[in-house]
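Each chain, written out:
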Amino acid sequence: MNLYLIQVFNGLGIGMIYFLIAVGLTIIFGIMNFVNFAHGAFYLLGAYACYAIADLTGNFWLALVLGPVAVGIGGWLGERYFLSRLYRVPHMYQILVTLGLALVIQEMAVLIWGPIGKPIAPPEVFRGVMIFGNFAYPKYRLFLIGFTAILALALWLLLERTRYGAVLRAGTESTEMVSLLGINIFRVYSMTFALGAFLAGLAGVLAAPIRGAEPFMGPDALVIAFVVVVVGGLGSFAGALVGGIVVGIVQSVMSSFWSEGANIMIYVAMALVILLRPHGLLGRA
Amino acid sequence: MLTVDSLHSFYGKSHILHGVALEVAKGEIVSLLGRNGAGKTTTLKSIVGIVSPREGRVIFDGQAIDGLPVHEIAGRGIALVPEHRGIFGTLSVEENLAIACRKGSLWSIDAIYEFFPRLGERRHSRGANLSGGEQQMLAIARALVNNPKMLLLDEPTEGLAPVIVDELIAVIRSIKAAGIAVLLVEQSLRVCMELADRHYILEYGRIVYSGSREQFQHAEAERDRYLTLRSA
């Protein structure tokens, strides 16, 4: 029993990482109708930013603040001067260009940091395990669950309780109507893209002490983020949260039953959701 | 205030507007009539920049605005209330108003709730849960908090019960009284004749008639020719 409980907790932590990656992907697609295959590269950059900053300063917390901000600024610049030219072209071209961009970033990581993964230690306070009776659990993973829960709440407040959030939700319904109200939709696009990049970068920093930084982590994360988006419902914030947790827990729990099949099971879960609820668990028809 | 001059607009390859010209003066209500497909909605969309006119000019407040992005034209003070209203269904009434509200607007959200008490009562309801009449009032209210000098209304009475139509007529009159010019596209001849100071009729993308309220009252021949349904 304990083993499964631990796997559920592990799944929760990993699921929250998936949520952070997927939420940017889903809101960017929801409002901009833009398919961003470079999204996994933001996650990669976050993990390497964590490695570089922690390596240089020995301070994980500095990396946690600066890493995502740097990735967010990078995303903002990339959208502003490069990807914004792709809004009028069909999805196929968006996929080609962003996939190419992802490969460029990945190979740059190989050139700079080498093809072998880099380990990253958790911050001092969260090393070791916490004991609850006869149940021991790594402190860093507990921190991860708590911290990402607070983040999810903050993000929810941003989307539901601020003017920017209302504009974003309105834009998901009709960007034309938003423009008719005198709002510069392209500025909203830039901010949204930067937010998505920031969150994926944050996911990279947070995941680094668990899985290290390695150059090929981007595509894996991207594929899982797409699964999360499909499971949860395209364009839905709550869907990304629920989908992330479901996928994380399925993957984790299955890995103790049948470790070779754990990754297959998330696609089985996805197929089930598509069969039963084609618009995802929380998607709108 | 608004001058549209020899406007040519296209949807893809179809040539919809063939040199439309019209004028709206300050504080005036002007109606744009015509059968379905005459180009009324396209004219409004060409003014606000959703459709980019290929030829011709749109002058607002003495400045050419054709070719500007949609949000800049809105920022100059032209608000379009589109056909089907464009209410954000997942946003509350208050959020629909809040995202449109501009600093220094003559109409605050509180003023709107005083003017449209029903919207105040329903401020926390989602847009999608409003009745058709409430949605139309919200669409107009949302345009007002945007602080426009001019309002373009596309089929505002479509699908509304007669008693709501009368309410709407009163609302449009008070908007005029507040000094806002109105360009009204409307199927209901009765509503147009009650409200408008001047009338234009469009057919096949051309203005085929223009006249004052009095002239139009006696223009039965034109009304018959351009507005009644043709029998096959």
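Structure: above.
These lines cover the structure that appears in this document, whether it is placed above or below.

### Concerning helix H1 (residues 2–32) of chain A
Residues and elements named next belong to chain A. For H1, which comprises 31 residues, the first-to-last C-alpha distance of 44 Å matches the rise-based estimate of 45 Å (1.5 Å per residue) to within 8%. If you look at H1, its biggest bend is around 25°, right at Ala-22. Among the residues trailing H1, Asn-33 stands out with phi positive, at a value near 55°.

### Focus on the environment of B:Glu214
Examined against the element boundaries, B:Glu214 turns out to sit in helix H9 (residues 213–217). Linking B:Glu214 and B:Met1, residues 213 residues apart in sequence, is a C-alpha distance of 22 Å.

### Topic: the environment of A:Gly58
Residues and elements named next belong to chain A. Positionally, Gly-58 belongs in the loop between helix H2 (39–57) and helix H3 (60–81). On the basis of relative accessibility, which here comes to 65%, the residue Gly-58 falls in the exposed class. On a C-alpha basis, the gap between Gly-58 and Pro-123 in space is 8.9 Å, while along the polypeptide they are 65 residues apart.

### Thoughts on the nonpolar core
Of all hydrophobic cores here, the largest spans 156 residues; its most connected members are A:Leu206, B:Leu2, B:Ile112 and B:Leu183. Per-element accounting of this core gives the leading share, 14 residues, to helix H8 (residues 185–211) of chain A. The two domains that each donate at least three residues to this core are domain 1 (2–77 + 149–227) and domain 2 (88–147) of chain B.

### What to know about the pairing of strand S2 (residues 14–24) of chain B
Within a regular strand, side chains alternate between the sheet's two faces. Residues and elements named next belong to chain B. Judged from the eight bridges that link them, strand S1 (residues 2–11) and S2 form a sheet pairing that is antiparallel. The partner of Leu-2 across the bridge, within S2, is Val-24. The antiparallel hairpin formed by S1 and S2 contains two residues in its connecting segment, where Gly-12 sits at a positive phi of about 60°.

### Thoughts on the pattern of salt bridges
Enumeration over the complete set of coordinates arrives at 15 salt bridges over all chains. A salt bridge links B:Glu95 to A:Arg169; the shortest N-O distance between them is 2.7 Å. With B:Glu95 in helix H3 (residues 93–100) and A:Arg169 in helix H6 (residues 163–173), this residue pair bridges two chains. By relative accessible area, which is 18% here, B:Glu95 ends up buried. Of the charged contacts, one joins B:Arg122 and B:Glu134 as a salt bridge, the two residues approaching to 3.0 Å between their closest N and O atoms. Placement of the pair is B:Arg122 in the loop between helix H5 (117–121) and helix H6 (132–145) and B:Glu134 in helix H6, with a sequence separation of 12 residues. Exposure remark for B:Glu134: the relative accessible area of 9% places this residue in the buried category.

About the cut-offs
- Residues numbered from 1 in each chain as written.
- Chains lettered and ligands numbered in written order.
- Predicted model: local features only at pLDDT ≥ 70, side-chain atom pairs only at ≥ 80, totals over all residues.
- Heavy atoms only, no water.
- Helix = DSSP H or I, 4+ residues; strand = E, 2+ residues; numbered from the N terminus.
- Expected span 1.5 Å × (residues − 1).
- Bend = angle between axes of the 7 residues up to and from the residue.
- Buried < 20%, exposed > 50% of the residue type's maximum accessible area, 1.4 Å probe, protein only.
- Core = buried A, V, L, I, M, F, W, Y, C linked by side-chain atoms within 4.5 Å.
- Domains from an automatic or database assignment.
- Pairing = 2+ DSSP bridges.
- Salt bridge = Lys/Arg side-chain N within 4 Å of Asp/Glu carboxyl O.

Function cannot be inferred from these measures alone, as they are strictly geometric.
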